[in-house]
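# Survey of secondary and tertiary structure
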Amino acid sequence: MFLDFHIKLMGRPVIAVQDRAIHKLIDSCFHRACPWFEQGNDIISHDFLMHSILKAPRFLLESHAIIISIFMLKELSIKNFAIIKSTRFELGAGLSVLTGETGAGKSIIVDALGLVLGQRGQTHFIKTGAKEASVEAVFDVKENPVALRLGIPMDNGLIVRRHLSTAGKNRVYVNEVSVSIQTLAELGSYLVDVHSQHEHQSLLLRERQLAIVDSFGKIEEDVKIYAETLKTYNELKETRSSLNTNIKERNQRIDLLRFQYKEIETAALREGEKEELIQEQRIMSNLNIIKELSEDSYMLTHTKEDSIVDQVQRLCEYLTQLAGYDQNTSEMLKMAAEMQSYVSELSLMLRRYKDEVDYSPERLEEVEERIDLIKKLEKKYGEGIHNINRYKQEAQVELDALLKVDERLDALDAEIDSLKLKLTHQALEISKKRAETACRLQEDINSALRELSFAKASFEIRQTVNRAPDESLRFMGNGVDLVEFLFCANPGEPLKPLHKVASGGELSRIMLALKACFAEVDDIPVLVFDEVDAGIGGEAAEAVGDKLKTISLRHQVLCITHLPQIACRADRHIRVSKKVVGEGVQIKVEKLSEDERQKELARMLSGDVTDISVKHARQLLQKHRAK
C-alpha cells in the first residue's frame, strides 16, 4: 500500500505522487534548481513547479507515476437521464477510465456531462416515466472568466446544475445563481473539452487550428493588437462608404440645391412685397373705373356748379351771421369752419389723385409677372416669402455640408491608407511568427505520432496568405493567414485535411497526438475521451495508453475505453454496469477496488473472467505499477 504525497498550491492539491517516488523526484527535479525546497512545504511557485517537472527527463516522470493535474471535476450526479435513474460518482486527478460492456451506459454518462456543460438538451434524454432529468457537476475551480463576469463567488468552487423537463424547459444554476443555456455553454467551454469518435472536435476546425498555432507560439497578444487596428480600419472604411454612398445622387442633390438657392436669390424677394403687388394689380386692372370715380368726386367737391366747397362756404357765411345774433351758435360755426377746411383738403387730394392716375399696360404686365413668380416659388418652397427665404438659408447649410464631404473623404482616404500600411506590417509580422511556430509544432506532432505507432505517417501544417486576385492582402479578424492541418498515414499517399481523415483509428490517434503536443498550451483543464481508442489494438493500443497517461500529467483525463491496455494505466478505474430490474433496467457506476479491477481487466482481455485472464490482468497492472 502506498500513501499519497501532496504538494499544495494556494491551499489546493495540484500534484500527487506516490511516496516511494517523492525523494527521487525532489533530488532529480528540484534540489539542483532550488536547494531551499524541502518535503512538506505547502506553498511553492506554480510556474516554477511546472517548469521544473516538465524539464525533468520523460523516463523519470513516466517511471514514477507523477501526476501534474489540477483536480477539477470532483463529482458528477445524474438523475432520470436516459436509462439512468440515479447515480453519483467521484473523480480524481490524473487518468480516470470508465469501462463496461457495450450498451452498459458509458456514453450516456458523457451525454449527461455534455448537458451540464451547455450542450443541447432534448426531451428524449428524460427517463421514461419521469417528469424531469437533472445533472449536477462539482468543479474545484477558483477562476472562471464567465463566473467572474457574472459576479458568481467561487470560494468553494463551482456547482453547476441543470434540469430538463418534459415540457422542454431548462433551468440552469451555477452556485445557485440562475443563468442561461448560452452562458452555461460559455462557462463550460473553459472547464471541459469532450472528444468523441465521430463528432467534430474543436481541433478539427480550421479556426481552432489557427488559434492553436497562435497559442503555441504565444502570438495571441499580437493578434489582439492587430484586431484592434483592423476594427478601427473597418470603422473608417464603413464611414467612408457611408459618405460615398450614391455619389451620383449626392452630386445631383448638390446641383439641385445650387439651382434652388440661385433661383430664390435672383428673385430678391422682400417681406410684404406680394401684398403690395396684389394691391397694385387690383388698381391697374380697374383703372378706368377709378379714373372716372376720381373725376366725378373732384367735380362734386370743387368744379361742379354748386359744389360741396361752395355749399360749405355759404354755410359758414350763414353761421357767421347767426353767431352775431346768438353766441350760442358759435360752436356750430366752428364745426362748419373745420368742415370747410376738410372739404378743401379733400378737393386738393382728389385733384392730385385724378391727375396721377395713368394707365400703363407695361407696368400691369410687370406686376402680374412678378406675382406669378412669387406664386411659383411658393409652390416649390412654401407659402409666403418668409418660408421661401428660410428654405434658401436651409439649402445653403445643406449645400455647405455636402461640399465638405469631399474634404472629409480626402482626409479619410489618407487615414485609411495609413492604417492599411500599419495593418499590412502587423499581419506580415504575425504571419512570420506563425510560420516559425508551425514548423516547431509540426515537428512535435510528427514525433508524437511516431510514438503512437505511426512510423511512416506525415503531419503538415499548411499556411497560406489569403490574397485577393490582384495579390492584395485580405485582412481577416485574426490576420491574413489560412492554416490547415494535413495528414497522411502511409508514405506515397497525398496529404489530406485533418477533417477528411476517414479511419476512426487514425483519427483517434491523431487527436491524441495533438492533445499531447498541445497539453502545455491548452487551457482547458478537464479532457474527456469517449472511445478515443476505437479501431485500434495491439501495439497502437499500448502507444495510445502511454500517450493518455502522458496527457494526464497536465490535465484531468476521463476516458471511456474497451481496451485493457489503456484501462490498466488508470489512476482511478470506474465500472459502468447495467442489469434488468423488474420491467426496467438499472445503471450502476462504481469505483473498483484492486481485486475488482483485476476481474474487470480480465473480462476486457478475454470476454470472460478465467484464471488465465485474471493472471494476465494482474501482470498488466503490475507492469504499469512498476513504472
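Along the backbone of the protein there are 20 helices and 18 strands. Taken over 627 residues, the protein has a buried fraction of 44%. Counted over contacts in the protein with a minimum sequence separation of 6, partners at least 24 positions apart contribute 68%. Surface accessibility of the protein: about 34200 Å² in total, with carbon and sulfur atoms responsible for 51%.

We now examine the sheet that holds strand E12 (residues 458-465). Across a sheet, paired strands are connected by hydrogen bonds in the backbone, their directions being either parallel or antiparallel. The 3 strands are arranged E12-E13-E14 in an open sheet whose pairing can be described as antiparallel. Each edge of the open sheet carries a strand with a single partner, namely E12 and strand E14 (496-497). Alignment of strand E13 (residues 481-488) against E14, held across 2 bridges, turns out to be antiparallel. By the bridge assignment, Phe487 is partnered in E14 with Lys496. Of the strands in this sheet, E12 and E13 touch helix H7 (residues 206-216), which is tilted by about 100° from E13. Contacts from helix H15 (residues 385-451) reach E12 and E13 within the one sheet, and its direction differs from that of E12 by about 170°.

This paragraph deals with helix H12 (residues 308-325). Here H12 spans 26 Å end to end across 18 residues, near enough to the 26 Å set by a 1.5 Å rise per residue. All of the buried residues in H12 are Val309, Val312, Cys316, Leu319 and Ala323. All buried residues of H12 lie within an arc of 85° about the axis, which places them on one face of the element. Residues of H12 that are exposed and point over 90 degrees away from its buried face: Tyr318, Gln321, Gly324 and Tyr325. Where H12 is buried, its residues meet helix H11 (287-303) and helix H13 (330-356).

Counting residues in hydrophobic clusters, the biggest one holds 55 residues, and the most contacted among them are Leu441, Phe485, Phe487, Leu514 and Leu548. The leading source of residues in this core is helix H16 (residues 504-518), at 8 residues. Of all hydrophobic cores here, the second largest spans 49 residues; its members include Ile109, Val141, Val146 and Ile560.

Moving on, we come to the packing of aromatic side chains. All told, the structure shown has 5 aromatic pairs when counted by the stated rule. The interplanar angle of 75° and the centroid separation of 5.5 Å between the aromatic rings of Phe454 and Phe487 together place this pair among those described as edge-to-face. Separated by 33 residues along the polypeptide, Phe454 in the loop between H15 and E12 and Phe487 in strand E13 bring together distant segments of the chain. An identical accessibility class is assigned to Phe454 and Phe487; each is buried.

Glancing now at the pairing of strand E5 (residues 84-90). Taken together, the 6 bridges between strand E4 (residues 73-81) and E5 define a ladder with antiparallel strand orientation. By the bridge assignment, Phe81 is partnered in E5 with Ile84.

With respect to the helices and strands, the residue Glu273 is situated in helix H10 (residues 273-285). According to the relative accessible area criterion, Glu273 is buried, its value standing at 8%. There is a polar contact of 3.0 Å between the side chain of Glu273 and the backbone nitrogen of Arg270. Excluding anything up to four places from it in sequence, Glu273 contacts Ala268, Arg370 and Ile385.

Counting buried positions along strand E6 (residues 95-99) yields 5 of 5 residues, so the element is predominantly enclosed. Neither face of E6 is left uncovered, since the one carrying Leu95, Val97 and Thr99 and the one carrying Ser96 and Leu98 both have all their residues buried. Here E6 runs beside strand E17 (residues 572-581); their pairing, made up of 4 bridges, is parallel. Its bridge partner lying in E17, Leu98 is registered against Ile574.

Trans is the prevailing form of peptide bonds, just as negative phi is the prevailing case for residues other than glycine. Phi at Glu176 takes a positive value of approximately 65°, unusual for a residue other than glycine. Tracing the chain through its elements places Glu176 in the loop between strand E9 (170-174) and strand E10 (177-178). With a relative accessible area of 55%, Glu176 lands in the exposed category.

It is worth spelling out the sheet that holds strand E8 (residues 158-165) at this point. Spatially, 6 strands are ordered E5-E4-E7-E8-E9-E10 in an open sheet, and the strand pairing comes out antiparallel. Of all the strands in the sheet, the pair left with one neighbour each is E5 and E10. Sheet analysis places E9 next to E10, joined by 2 bridges and oriented antiparallel. Paired with Val174 across the bridge in E10 is Val177. Lying on the sheet, helix H4 (residues 106-116) is in contact with E4, E5, strand E7 (132-139) and E8; it crosses E4 at an angle near 100°. Lying over the sheet, helix H6 (residues 181-188) contacts E8 and E9, oriented at roughly 140° with respect to E8.

Counted according to the given criterion, the structure contains 27 salt bridges. The partner of Lys274 in a salt bridge is Glu378, and the shortest N-O contact between them spans 3.0 Å. Of this pair, Lys274 sits in helix H10 while Glu378 sits in helix H14 (residues 361-381), placing them 104 residues apart in sequence. Given the relative accessible area of 8%, Glu378 is considered buried. A salt bridge links Asp481 to Arg434; its shortest N-O distance comes to 2.9 Å. Of this pair, Asp481 sits in strand E13 while Arg434 sits in helix H15, and the two are 47 residues apart along the sequence.

To continue, consider the packing of H7 against H15. The N-to-C vectors of H7 and H15 enclose an angle of 95°; their axes lie 9 Å apart at closest approach. By the angle between their directions, the pair H7 and H15 is classed as roughly perpendicular. Where H7 abuts H15, its residues Leu210, Ile212, Val213, Asp214 and Phe216 lie against Arg434, Thr437, Ala438, Arg440, Leu441 and Asp444. Along the lines of polarity and charge, the residues of the contact of H7 with H15 split into 6 nonpolar, 1 polar and 4 charged.

Turning next to the environment of Lys392. Assignment of secondary structure puts Lys392 in helix H15. Counting along the chain gives 129 residues from Lys392 to Glu263, while the straight-line C-alpha distance between them is 9.1 Å. Each residue touching Lys392, except ones within four places of it in the same chain, is listed here: Tyr261, Ile264 and Glu265.

Before going further, it helps to examine the side chain of Lys106. By secondary structure assignment, the location of Lys106 is in helix H4. Judged by its relative accessible area of 3%, Lys106 falls in the buried class. Within polar-contact distance, the side chain of Lys106 engages the backbone oxygen of Glu101 at 3.0 Å. If we ignore the near neighbours within four places in the chain, the residues touching Lys106 are Leu98, Thr99, Gly100, Glu101, Ile560, His562 and Val576.

Criteria and thresholds
- Residues numbered from 1 in each chain as written.
- Predicted model: local features only at pLDDT ≥ 70, side-chain atom pairs only at ≥ 80, totals over all residues.
- Heavy atoms only, no water.
- Helix = DSSP H or I, 4+ residues; strand = E, 2+ residues; numbered from the N terminus.
- Buried < 20%, exposed > 50% of the residue type's maximum accessible area, 1.4 Å probe, protein only.
- Contact = heavy atoms within 4.5 Å.
- Areas by Shrake-Rupley, 256 points an atom, 1.4 Å probe, with all protein chains shown as cover.
- Pairing = 2+ DSSP bridges.
- Axes fitted to C-alpha atoms, helices over the stretch in contact; angles between N-to-C directions.
- Expected span 1.5 Å × (residues − 1).
- Arc of directions from axis to C-beta.
- Core = buried A, V, L, I, M, F, W, Y, C linked by side-chain atoms within 4.5 Å.
- Phe/Tyr/Trp six-rings, centres within 6.5 Å; stacked < 30°, edge-to-face > 60°.
- Polar contact = N/O pair within 3.5 Å; in protein donor to acceptor, adjacent residues only side chain to side chain.
- Salt bridge = Lys/Arg side-chain N within 4 Å of Asp/Glu carboxyl O.
- Parallel < 35°, antiparallel > 145°, perpendicular 65-115°, else oblique.
- Nonpolar A, V, L, I, M, F, W, Y, C, P; charged D, E, K, R; others polar.

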